[in-house]
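Coordinate inspection notes
Each chain, written out:
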Amino acid sequence: MESMLNKLKSTVTKVTADVTSAVMGNPVTREFEVGRHIASGGPGMCWRIYNGTKKSTKQEVAVFVFDKKMIDKYQKFEKDQIIDSLKRGVQQLTRLRHPRLLTVQHPLEESRDCLAFCTEPVFASLSNVLGQWDNLPSPVPNDIKEYKLYDVETKYGLLQISEGLSFLHSGVKMVHGNLCPENIILNKSGAWKIMGFDFSISSTNPSDAEPKYTCKEWEPNLPPLCLPNPEYLAPEYILSVSCDSASDMYSLGVVMHAIFNEGKPVFQVNKHDIFKSFSRQLDQLSSMSPALLNKIPDDVREHVKMLLSVTPNVRPDADQMTKIPFFDDVGAVTLQYFDSLFQRDNLQKSQFYKGLPKVLPKLPKRVVVYRILPALTSEFVNPDMVPFVLPNVLLIAEECTKEEYVRLILPDLSPVFKQQEPIQASNMILLIFLQKMDLLLTKTPPEDIKNSVLPMVYRALEAPSVQIQELCLNIIPTFANLIDYPSMKNSLIPRIKSACLQTSSLAVRVNSLVCLGKILEYLDKWYVIDEILPFLQQIPSREPAVLMGILGIYKCTFSHKKLGIPKEHLATKSLPHLVSLSIDNNLNLNQFNSFMVVIRDMLSRMENEHKTKLEQLHVMQEQQRSINITNPGNQSEETKSPPSSGNQIDDIFGSTGVNGKENGSAAAATSQPNRMSLTLEEKQRLAKEQEQAAKLRSQQPLAPQTIKPATTTNSQTKDLTSSLLNNMTSLNSLSLANTARPAPVQGTTISAFPSSSPMVGPMGAPVSNGFNPPMGFHAGGMGMGIRPTGPGLYGGMATTTSTPNFGALTQNQAPIGQTNKSPDLSALDNLFTPNKPKVTLNQMGPTAAPGPNTPWLNQFGSAQNAQTQMQGATVGMGGVPSGFGMQANPFFSPQNFSQPAAAPSMNQSGIKHSASVNNDLKDLFG
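Notes on the structure follow. (Residues numbered from 1 in each chain as written. Predicted model: local features only at pLDDT ≥ 70, side-chain atom pairs only at ≥ 80, totals over all residues. Heavy atoms only, no water.)

Overview of the sheet that holds strand β4 (residues 104–110)
- Ordered in space as β1-β2-β3-β5-β4, the five strands form an open sheet in which the pairing is antiparallel. Each edge of the sheet is formed by a strand with only one pairing partner; in this case those strands are β1 (32–41) and β4. Neighbour-to-neighbour, the strand axes of this sheet turn through a mean angle of 25 degrees, independent of strand direction.
- Direction of pairing for β4 relative to strand β5 (residues 114–119): antiparallel, over a ladder of four bridges. Each bridged residue has a counterpart across the sheet, and for H106 the counterpart in β5 is C118.
- In this fold helix α3 (residues 76–95) packs onto β2 (47–54), β3 (60–67), β4 and β5, with an angle of close to 155 degrees to the strand it touches most, β4. (Pairing = 2+ DSSP bridges. Helix = DSSP H or I, 4+ residues; strand = E, 2+ residues; numbered from the N terminus. Axes fitted to C-alpha atoms, helices over the stretch in contact; angles between N-to-C directions. Contact = heavy atoms within 4.5 Å.)

Side note on the sheet that holds strand β9 (residues 192–194)
- Spatial ordering of the open sheet is given by β6-β8-β9, a layout of three strands whose pairing is antiparallel. A strand with exactly one partner marks an edge of an open sheet, and here the two such strands are β6 (122–125) and β9. Ignoring which end each strand starts from, the neighbouring axes of this sheet average 35 degrees apart.
- Looking at chain direction, β6 and strand β8 (residues 184–187) are connected through three bridges and run antiparallel. Each bridged residue has a counterpart across the sheet, and for A124 the counterpart in β8 is L186.

Topic: helix α24 (residues 544–559)
- Across its 16 residues, α24 extends 22 Å between first and last C-alpha, which sits within 8% of the 22 Å expected from 1.5 Å per residue.
- Among all positions in α24, only V546, L547, G549, I550, L551, I553, Y554, T557 and F558 are buried.
- Tucked into the core, α24 has its buried residues touching α22 (506–519), α23 (525–536), α25 (567–582) and α26 (589–630). (Expected span 1.5 Å × (residues − 1). Buried < 20%, exposed > 50% of the residue type's maximum accessible area, 1.4 Å probe, protein only.)

What to know about unusual backbone geometry
- In this chain, S138 is followed by P139 through a cis amide linkage whose omega measures 0 degrees.
- Among the secondary structure elements, P139 is positioned in the loop between α4 (126–129) and α5 (142–145).
- You will see that K58, though not glycine, has its phi angle at about 60 degrees, which is positive.
- Structurally, the position occupied by K58 is in the loop between β2 and β3.
- Here K58 falls in the exposed class, since its relative accessible area comes to 63%.
- At N135, a residue that is not glycine, the phi angle is positive and equals roughly 65 degrees.
- Of note, N135 is situated in the loop between α4 and α5.

In structure tokens:
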């Protein structure tokens, strides 16, 4: 490991030293930062190529450096010749401007140690790519070592060189004089460029149609850097000291041979005996063997053979070479079109960009990313062309790695995300981005998603175009899993809701609901319950599609394992809303059935959950009650504290539990300690109550004097009244010492005014009227045996109401010998006929018994007024809501008091048949 680190350190130090020694002091370094040594090129591979950047603009460049140390072995005049030759080549290149020639960014600068100039960014020379690694850093960079030319790169590269030669021969009237792989440079985007004009020859008569070129005689004694590469020179250079544009075409033929033969030229030349070698070469060219060109593709082999012809007139010129079928490759034509885009108008460009997606898959990734992509992104400055260019850029992005996407594509896409002008182009851009949203969210860094991508989605949701809104709503679920939760919760969902409520398009509203339904799984339960479900009740329209969308959201939320709806929400909000929607007249039968299926499922789950809860509560109550029975000492302590609501229920009905079954023994056991601990004051109060009961027995029951029912009915009524009074007598005659606790439903003394605390009887236990177990008594105006008395149980003025024990009608008949016969309750008909008025509390003063000529109806007002008083919303009868009577007593129900006087089931006296009363009581009490 240590040796490896030392080797790396020495390599870095050597490279740094080389750069420092070569460039230090050169004026180029004032404006440019010189970076890593990346390649080599030029005559004899003498130029080292470094990457660099311009200090002021951070523009990427390539820095060509010639280290003068390379020629230290030569004499001074030879050094000067070499330097002059190199300077002339760079100066000629600087003067020439053409897309097929290497572009110079900064002219040649000379210092004591080196020559340097700057060009467009460069990858390597063609010689490096073909395996000649002279003057390269050690180790050789992997990107050069592993570089392999694709067919499309080779074809288009040769086409570019042919176009460059055509420019030199026809436009500049110049012969390059040293065309070879080391003078062909591949720039950063893969384009092939010509350099190395050290031995270029200009025409002596540029204005004439037939230019003439003066060629210098070969001087073998000059340094190699002062001579062109003999392996790529035409035979006439050496043998006849003549040249013209056809000489460059011979050089192009040798370059083509080298490309298809791993960098080897047609012939190896002995530089020590150049004339003899060229003479032998001339003979071989005259009788060229087919094996010499067997590696060259068939469709260009004949053209190469013509380029290598001994006779210059047989060689095709550069312009003819650009038109050979070999270059009619779809990839080469595409690349060629890109290079001429600046000459096209928008219509021609748009047509080309529309067909480009069919071509891109056929091209190598390196060509697409480094050759086509820069040309595409350069069109982003033209807003009208962005909708045509963008699909191709995103198609290339799919094939890129995330690192390539961030480095090569995202910087150019960022301004496009925010483009809003012109409107038509902006809408098209939104549509294109929405279709590729999964790509953007997958490869774009989170910070750029938040700042660029999601704001574009929000803008699409708020766009005036219905088509864009629909597409956005349809696409959002496909990439919802890639959106961070805060953005979805705080930005995306509110905009979807707003689009649903504010749009006038049914399609947008329905798609909004569908979109919400599909992304519910990415939301948490309480956000859905608090934000999504209440929002459904705000939707104004009632089209079937909207209603089914609402139902779908309810169903998804209800059935999803992660979400679910609590039973409280089901009972109070979800079910009422769904039930109201289900009866909408716009729904057909199948849609209605869909609603009912969901409603039934919700009801079933709500029932099961609540039933389970009550069963668990019942088990806990039973366990507590069994503990109390086992430990009676603890019970006496419990009775000293105010009873809970559960104990109040048990005290009224006994140990009823859920099923309502009385446990009398437990009730008696728990009530016994209260009787034994009565104070003297309580005994006095009980005595007063007994006295009041005695006075009540001495009174005659109220009966309307004007109505003379049948004798049997009067006797039945008296029997019923006597039965009720006997029950109350038995209640008052109970012994405090040894009598068991009475049945829970017995008459007792209550306050005439409503109280917030539960009502209690003489024994301190809560009481009930037998029909509303959880509640204490309220003055309901029964109209039976009610009269004002002195101070009540709680002190002050109170009204004593003797409430009859209606349970005694069926349970307490044994003492009077009616155990085997159903009780005849027709006597109640005189008391509870439909036309009889209700007696208010203010009418129950100490008045004389009604006279024989005073009718019941005239004394207490009309039945209609009484009915209104019972059902009105105003507070009457001692401050108690008038409707409470119906709640406290099931007899006081609208069914019993709303029958017309002339009902067919009534006799002439207006009294209902006793059989009907029995049926009503059976319905009430089972």
